[in-house]
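Read off the chains here:
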Amino acid sequence: MRANRVQTVGVVSAAALLLPLTPLATAAAASPASPSSPAYPSSKASESSAASESSAAPASAGSAIPGRTQSLSFDGSVAGESGARAAESPEAGVRVPARTVRPYSLLGVVWDGAGTPLRGRVQVRTRDADSGNWSAWRHLENHPVDARRGGARGPARGATAPLWVGSSDGVEARVLPERGDHGGSLPDGLRLELVDPGPDTSPDAPDAPDQGGKPDQSAASGQSAAPGRPAVSGRPAAPGPAEEPAGGQRDSAAAGAAAEGAGSGAAGAGPAAADSAAGAGGGVLPALSREATRSQYPEAGSFAGPRPRIVTRAGWGADEKLREAEFRYTNTVKAAFVHHTAMTNDYACDQAPSIIRAMYRYHVKSSKWRDIGYNFLVDKCGTIYEGRAGGVAKPVMGAHTYGFNTDSTGIAVLGSYGKQEPSERAVDALARLTAWKLGLFGADPAGKTWLTSGGGKFKKGRKIHFHTVSGHRDGFVTECPGDRLYAKLGDIRSAAARLQGR
C-alpha cells in the first residue's frame, strides 16, 4: 500500500552507540564523498528505540524476540545550511549522513504525530553488505494514517511505506522540500528506521513443494502457472502433493491506519484463539477441495471457493509478543482491496518470510500500529501468507486502505508492478484467495458492493460503489497496486467467480 509519493528520512532522540563496523573501502569508490557525504563514520542510534530493541536480538531461547530496529536521527541540512528543522530553499533539507551501521534489510522513515503531513521528498541510498556497492538514490512513499486512531501503545506515528533493500550495512538519507515549497517545516521526531528481521525460526519451510523457494521462469516472466494450481481461467485443479485436504484442520489465528483504532467490530481473543489451536503448529494450512472447504466452513454457503494453501503467521516466523494481544474484527467482508508493496521485485521467494517479518516489525515497533497492516500477502511465486492476526477465515479489521478498512480485506503482493508484469502465479493466487475469502461471506468476486467512507479520498459517511475486488487506488489517492497489476483485476474477478462455481 503506497500512498501519495512523499519522500522522507528519519530521526530519533538520544544517542546510543551502535556496534562500530569498519566502512568498506569500495564504498568511497562506488560513491565519492562530498561535503554533504563525509567519510563513513559509525552511526549513533536512538537510545529509546535502537538500544531497547537491540536487546530483542536472539540471545536466549524462548525469551528473546528475533530481529532488531536501529533508529537514526537526521543531522543538519542537506546543503549545509543551519536549521535542520526547516526547508528554506529548494536545495535545503535534512539528512542522515552516510555511515556504517549494523546489518539490516528494510528501512523507512517515521515522525511524531500521524496527523502531521511530511511535505518533502524522502530519498535513501544503501550499501550492499556483500559487495560494498552503494545503490542509487531511491524514493520512499508516504503511508496514510488516521491521526485520531491509536492502539494500547499510544497514537500511531506518521510513516513512509517501508522499503526492502536486502542485506545492507551502510545508509545515507535525506529529506528535500517539495518543489516550490520554500518555507514548509518538517515534523518533529523524524527518524530513519533500519530493520533486521532476524533469522528464520519457524520449524517448517513455507515454500510450496513445486517451487523450492526460488522463482522459476513463470514467476519471473508471468508465464505458465505451477502444477496443481488453477490457471487464471479459474478452473479448479487437483491439490499438489503437499496440499491434500486435511480434515479437521482449523484456521490459524495468528494502511490506512484507520484500522488502528477500535473499528466497528468486536475485540477479543476467544474465537481466533480457538481457530489457532489445531492449525498453527505446522506453519501451513493445506489447500482444500471445494467439497472439503464447504464441509470445513458450513456457514459459508454454496459459493465458497476452495481454500488455497496458506502459510500461517507461525510459518513465516511472526513473534506474537510484538503485536497487541487483542484482535479487532469488522462486521463482514464485502470487498477485497489489492495492493503491491512497491518494493523490489528482485527477491528470491524463500526470502518472503523475512520480508514479511521486517514489515511486521516496522508496522508495529516503528509506526506504532497494532499489527501488520495487510490481512494477507502474496509473493511472486504465488505463495499466500496470513497477515494480521485474528483468524484467516474471520473478518479481521486490517490497516490497508484508508477510509475503507471496515467490511473489507487487504491483500498485498510483494513487489512493484507499475512497469513490470506480475507473475501468473501471483495473479492465480489472488484469484484463489479472493474466491475463498469473499465466498466465506457470500460475496461475488465479479460483482460490486457499497462501502461507507471513513474519510480520505471520499468524504466521511459517503457511500461508494466498488468492484468487489478493487485496487488500493480505487479507495485512496495512490498509484497502488501499480498499472500492470491493476490491469489484471478484471481477470482475477472472473477467475475467482469461476472458482466459486458462478
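Scroll up a little and you will see the structure.
Cut-offs used in this document
- Residues numbered from 1 in each chain as written.
- Predicted model: local features only at pLDDT ≥ 70, side-chain atom pairs only at ≥ 80, totals over all residues.
- Heavy atoms only, no water.
- Helix = DSSP H or I, 4+ residues; strand = E, 2+ residues; numbered from the N terminus.
- Buried < 20%, exposed > 50% of the residue type's maximum accessible area, 1.4 Å probe, protein only.
- Pairing = 2+ DSSP bridges.
- Phe/Tyr/Trp six-rings, centres within 6.5 Å; stacked < 30°, edge-to-face > 60°.
- Lys NZ or Arg CZ within 6 Å of the ring centre and 35° of its normal.
- Salt bridge = Lys/Arg side-chain N within 4 Å of Asp/Glu carboxyl O.
- 1 Å grid on protein atoms, 1.4 Å probe; cavity = no way out; pocket = protein on both sides within 12 Å on 5 of 7 lines; lining within 4 Å.
- Points joined across faces, edges and corners; volume = space filled by probe spheres on them.
- Nonpolar A, V, L, I, M, F, W, Y, C, P; charged D, E, K, R; others polar.
- Axes fitted to C-alpha atoms, helices over the stretch in contact; angles between N-to-C directions.
- Parallel < 35°, antiparallel > 145°, perpendicular 65-115°, else oblique.
- Left-handed = near helix turned anticlockwise from the far one by under 90°.
- Contact = heavy atoms within 4.5 Å.

Colleague: Can you help me understand unusual backbone geometry in this one?
Modeller: Generally, phi is negative for residues other than glycine and the peptide bonds are trans, each holding for most cases. Note the cis peptide between C480 and P481, where omega equals 10°. You can see P481 is positioned in the loop between α9 (472–475) and α10 (483–486). Although it is not a glycine, K368 adopts a positive phi angle of roughly 65°. Phi at D407 is positive, roughly 60°, even though this residue is not glycine. Tracing the chain through its elements places D407 in the loop between β18 (384–386) and β19 (408–413).

Colleague: It is not clear to me how the pairing of β19 should be interpreted in this structure. Could you clarify?
Modeller: Working note: regular strand, side chains alternate between the two faces of the sheet. The element β19 is extensively covered by neighbouring structure, given that six of its six residues are classed as buried. Alternating positions in β19 separate into two faces, S408, G410 and A412 on one and T409, I411 and V413 on the other, with burial throughout. Note: strand β16 (residues 335–340) against β19, six bridges, orientation parallel. When the sheet's bridge partners are listed, V338 is paired in β19 with I411. Two strands pair when backbone bridges link them, and strand β17 (residues 376–378) and β19 are joined in this way by three bridges, in the parallel orientation. Bridge pairing links V378 to V413 in β19.

Colleague: What should I look at first to understand the environment of L192 in this one?
Modeller: Along the chain, L192 turns up in strand β11 (residues 191–196). Of the residues examined, L192 reaches a relative accessible area of 0% and is grouped as buried. Considered as a pair, L192 and L72 are 120 residues apart in the sequence and their alpha carbons are 5.0 Å apart.

Colleague: What exactly am I supposed to notice about the pairing of strand β4 (residues 94–111) here?
Modeller: With 17 of 18 residues buried, β4 lies mostly within the body of the structure. Alignment of β4 against strand β10 (residues 163–177), held across eight bridges, turns out to be antiparallel. Within β10, the residue paired with V96 across the bridge is A173. Of the strand pairs in this sheet, β4 and strand β9 (residues 158–159) are connected by two bridges, and their pairing is antiparallel. Opposite V110, over in β9, you have A159 as the bridge partner.

Colleague: Looking at this model, I keep getting lost on the packing of aromatic side chains. Mind explaining?
Modeller: A ring pair, where both rings are aromatic, is described by two values, the distance of the centres and the angle of the planes. If you walk through the whole model with that rule in mind, you get seven aromatic pairs. One aromatic cluster in this structure is built from F337, F404, F458 and F466. Residue placement shows R125 over the ring face of W134; its charged tip is 4.5 Å from the ring centre. Positioned above the aromatic ring of Y360, the side-chain terminus of R313 is 5.0 Å from the ring centre.

Colleague: Would you take a moment to explain the pattern of salt bridges for this structure?
Modeller: Between side chains of opposite charge, a pair can form as their charged atoms come close. Applying the stated criterion across every chain, the model contains 14 salt bridges. For R484, the salt bridge goes to E421, with nearest N and O atoms at 3.2 Å. Taken together, the residues R484 in helix α10 and E421 in the loop between β19 and α8 (424–439) connect sequence positions 63 residues apart. The class of E421 is partly exposed, set by a relative accessible area of 33%. Taking the shortest distance from any N to any O, the salt bridge between K488 and E421 comes out at 3.6 Å. Placement of K488 in the loop between α10 and α11 (489–499) and of E421 in the loop between β19 and α8 is noted, with a sequence separation of 67 residues between them. Several salt bridges share partner residues, and in doing so they unite R313, E320, R323 and D371 into one network.

Colleague: Help me understand empty space enclosed by the protein in this model?
Modeller: Empty pockets left among the atoms are what a rolling probe the size of a water molecule brings to light. Here the largest cavity defines a volume of roughly 70 Å³. Surrounding the largest cavity, P66, P197, G317, D319, L322, R357, Y360 and R361 form its lining. Taken together, the residues of the lining of the largest cavity sort by class into four nonpolar, one polar and three charged.

Colleague: Whenever I open this one, the packing of α8 against α11 confuses me. Can you help?
Modeller: To characterise two packed helices, one gives the angle between the axes of the helices and the distance between these axes. For the pair α8 and α11, interaxial distance at closest approach is 8 Å and the crossing angle is 50°. Judged on the interaxial angle alone, α11 and α8 are oblique. The handedness of the crossing between α8 and α11 comes out as right-handed. Taken together, the residues of α11 that come into contact with α8 (itself represented by V427, L430, A431, R432, T434 and A435) are I492, A495, A496 and L499. Tallied by class, residues from the contact of α8 with α11 come to eight nonpolar, one polar and one charged.

Colleague: So what exactly am I meant to see when it comes to the sheet that holds β16 here?
Modeller: Pairing in this open sheet of seven strands is mixed, and the strands run β13-β14-β18-β17-β19-β16-β22 from one edge to the other. Two strands close off the open sheet at either side, each with one partner strand: β13 (284–285) and β22 (469–471). Contacting β16 and β22, α11 runs over the sheet at an angle of about 165° to β22.

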